[in-house]
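Structural overview for review
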Amino acid sequence: MRYGTDLYALDIDGASFVKACGGPCTEGCVTLARIGADAWALGDSKRPGTEPLRFTTEELDAAGIDPARFGLNI
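Residues numbered from 1 in each chain as written. Predicted model: local features only at pLDDT ≥ 70, side-chain atom pairs only at ≥ 80, totals over all residues. Heavy atoms only, no water.

Turning to the pairing of strand 2 (residues 30–36), a few remarks are in order. Relative to strand 2, strand 1 (residues 18–19) runs antiparallel, the two sharing two bridges. Across the sheet, Val18 pairs through a bridge with Leu32, a residue of strand 2. The pairing of strand 2 with strand 3 (residues 39–44) spans six bridges and is classified as antiparallel. Looking at strand 3, one finds that Leu32 is bridged to Leu42. The antiparallel hairpin formed by strand 2 and strand 3 contains two residues in its connecting segment. (Pairing = 2+ DSSP bridges. Helix = DSSP H or I, 4+ residues; strand = E, 2+ residues; numbered from the N terminus.)

Next up on the list: the sheet that holds strand 3. Sheets are built from strands paired through backbone hydrogen bonds, the pairs being either parallel or antiparallel. Reading across from one edge, 1-2-3-4 is the order of the four strands in this open sheet, with antiparallel pairing throughout. Strands with a single pairing partner mark the edges of an open sheet, and in this sheet they are strand 1 and strand 4 (53–56).

Here four bridges tie strand 3 to strand 4, and the two strands are oriented antiparallel to one another. Within strand 4, the residue paired with Ala39 across the bridge is Thr56.

Now for the environment of Tyr8. Relative to the assigned elements, Tyr8 resides in the segment before strand 1. Sequence separation between Tyr8 and Ala39 is 31 residues; the distance between their C-alpha atoms is 9.9 Å. If near-sequence neighbours (up to four positions away) are discounted, Tyr8 is found in contact with Glu51, Pro52, Leu53 and Arg54. A polar side-chain atom of Tyr8 sits 3.1 Å from the main-chain amide nitrogen of Arg54. (Contact = heavy atoms within 4.5 Å. Polar contact = N/O pair within 3.5 Å; in protein donor to acceptor, adjacent residues only side chain to side chain.)

Below, the structure written as structure tokens:
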């Protein structure tokens, strides 16, 4: 992602969110979607009215989150 890109300016309408929990989860509260070439949205299915947070691939990596683990291409 280019330096200075506003992740919150990216349109997430139509983004395909997948469950991104770390274990045997029946609630699937954490959701993840690719929203750009190097941009991701992280949501909470328990709070559907709350706007998802947005991160770069580098930020997800620093947090130990690998989108490929949840079936998403990097």
